[in-house]
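Chain by chain, the residues run as shown.
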Amino acid sequence: MLHVASPTFYSQVRVRLRECDLIVIEGIRGKSAGVSALTLAYRFAPRRRRNGLQEQRDELLLPEDVPVINPDVTAAEAIADLKTLPRWTYVLLMVAAPLMGLVFALRGPRAFLDEDLVVEDLPATLRAEMADDSVERALTGRRDQRLLDALGEIHAERGDEPIRVAVVYGAGHVPAIVSGLWDRYGFRPREAEWLTVLVPA
């Protein structure tokens, strides 16, 4: 998933979610000024109609008749994790996110998405090579653990049922999901289907 994409992408995801028995969805619970500052990075872009983008919203994405669970962290927990970073890193992150959102909105999706959404075995951009792993860990570490624990509970309670579980989380969480399910249960990916996130301008 992506927080910002073309409306067609979200409608295609919704069609697939209708076929599921349970949805496990990402989403920091509660509100805080810090989380609001971080999410400005993607909330600006859909406001410019020419970008042709839509922000991910549960009411447009989730079918009404499929149960949903959200094992994600609270806003207070997310900010506490970020505050474990060196102070200058934390402050820079809080200042940079809204600025990136403004650039995203003004220049359109290709300002960041063209390079950074390429799937490669090795980092393809200088920005990807220089990414600070400590920031990534602060942003996703506890959240990945909560997600894996929730999937473990589903496996324990319903593992003998032929159910389809959708995990609606961003791509940054997928490595932890794949390795966690492999380590715990020996599950491995068997097939993949790609969806178009952005329609070329």
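Our structure is the block above this text.
Below is a summary of the structure that appears in this document. (Residues numbered from 1 in each chain as written. Predicted model: local features only at pLDDT ≥ 70, side-chain atom pairs only at ≥ 80, totals over all residues. Heavy atoms only, no water.)

## Section: the sheet that holds strand β2 (residues 22-25)
And then number 1: Across the sheet, three strands lie side by side as β4-β2-β5; this open sheet has parallel pairing. Two strands close off the open sheet at either side, each with one partner strand: β4 (68-69) and β5 (165-168).
And then number 2: Two strands pair when backbone bridges link them, and β2 and β4 are joined in this way by two bridges, in the parallel orientation. In the sheet register, V24 faces β4, and the bridge partner there is I69.
And then number 3: The strands that helix α8 (residues 133-158) touches are β2, β4 and β5; relative to β2, the one it contacts most, it runs at about 165°. (Pairing = 2+ DSSP bridges. Helix = DSSP H or I, 4+ residues; strand = E, 2+ residues; numbered from the N terminus. Contact = heavy atoms within 4.5 Å. Axes fitted to C-alpha atoms, helices over the stretch in contact; angles between N-to-C directions.)

## As for the pairing of β5
Side chains on a regular strand alternate between the two faces of the sheet.
And then number 1: In β5, alternate side chains face the same way, and those of A166 and V168 are buried while those of V165 and V167 on the opposite face are not.
And then number 2: Alignment of β2 against β5, held across four bridges, turns out to be parallel. Within β5, the residue paired with V24 across the bridge is V167. (Buried < 20%, exposed > 50% of the residue type's maximum accessible area, 1.4 Å probe, protein only.)

## Some thoughts on a nonpolar patch on the surface
And then number 1: Taken together, the side chains of V91, V95 and L99 present a nonpolar region at the surface, about 250 Å² in accessible area.
And then number 2: Mapped onto the secondary structure, V91 falls in helix α5 (residues 87-107).
And then number 3: Residue classification places V91 among the partly exposed positions, given a relative accessible area of 38%. (Patch = residues over 30% accessible without salt bridge, like charges linked within 9 Å, V, L, I, M, F, W, Y side chains within 5 Å. Areas by Shrake-Rupley, 256 points an atom, 1.4 Å probe, with all protein chains shown as cover. Salt bridge = Lys/Arg side-chain N within 4 Å of Asp/Glu carboxyl O.)

## So, the pattern of salt bridges
And then number 1: For the coordinates displayed, the defined rule picks out 10 salt bridges.
And then number 2: Notably, a salt bridge pairs E193 with R16, separated by 2.6 Å at the nearest N-O pair. With E193 in the segment after α9 (174-185) and R16 in helix α1 (residues 7-17), the pair connects residues that are 177 residues apart, well separated along the chain.
And then number 3: Judged by relative accessible area, which is 59%, E193 ranks as exposed.
And then number 4: A salt bridge links R142 to E77; its shortest N-O distance comes to 3.7 Å. Separated by 65 residues along the polypeptide, R142 in helix α8 and E77 in helix α4 (residues 75-82) bring together distant segments of the chain.
And then number 5: A single network of salt bridges, built from pairs that share partners, joins E77, D81, R142 and R146.

## Here's the deal with the environment of V135
And then number 1: Its location among the elements puts V135 in helix α8.
And then number 2: Since its relative accessible area comes to 14%, V135 is described here as buried.
And then number 3: Separated by 42 residues in the primary sequence, V135 and L93 place their C-alpha atoms 8.8 Å from one another.
And then number 4: Sequence-distant contacts of V135, defined by excluding residues within four places in its chain, comprise L85, T89 and L93.

## Some thoughts on the packing of aromatic side chains
And then number 1: Counted under the stated rule, the structure contains two aromatic pairs.
And then number 2: Here the aromatic rings of F9 and Y10 are separated by 5.4 Å at their centres, their planes lie at 65°, and the arrangement is edge-to-face. The same class applies to F9 and to Y10, which are both buried.
And then number 3: Relative to F187, the ring of Y185 lies with its centre 5.6 Å away and its plane at 40°, an arrangement referred to as tilted.
And then number 4: Residue Y185 is classed as partly exposed on the basis of its relative accessible area, which comes to 27%.
And then number 5: A residue is classified by how much of its surface remains accessible, and F187, at 40% relative accessible area, is partly exposed. (Phe/Tyr/Trp six-rings, centres within 6.5 Å; stacked < 30°, edge-to-face > 60°.)

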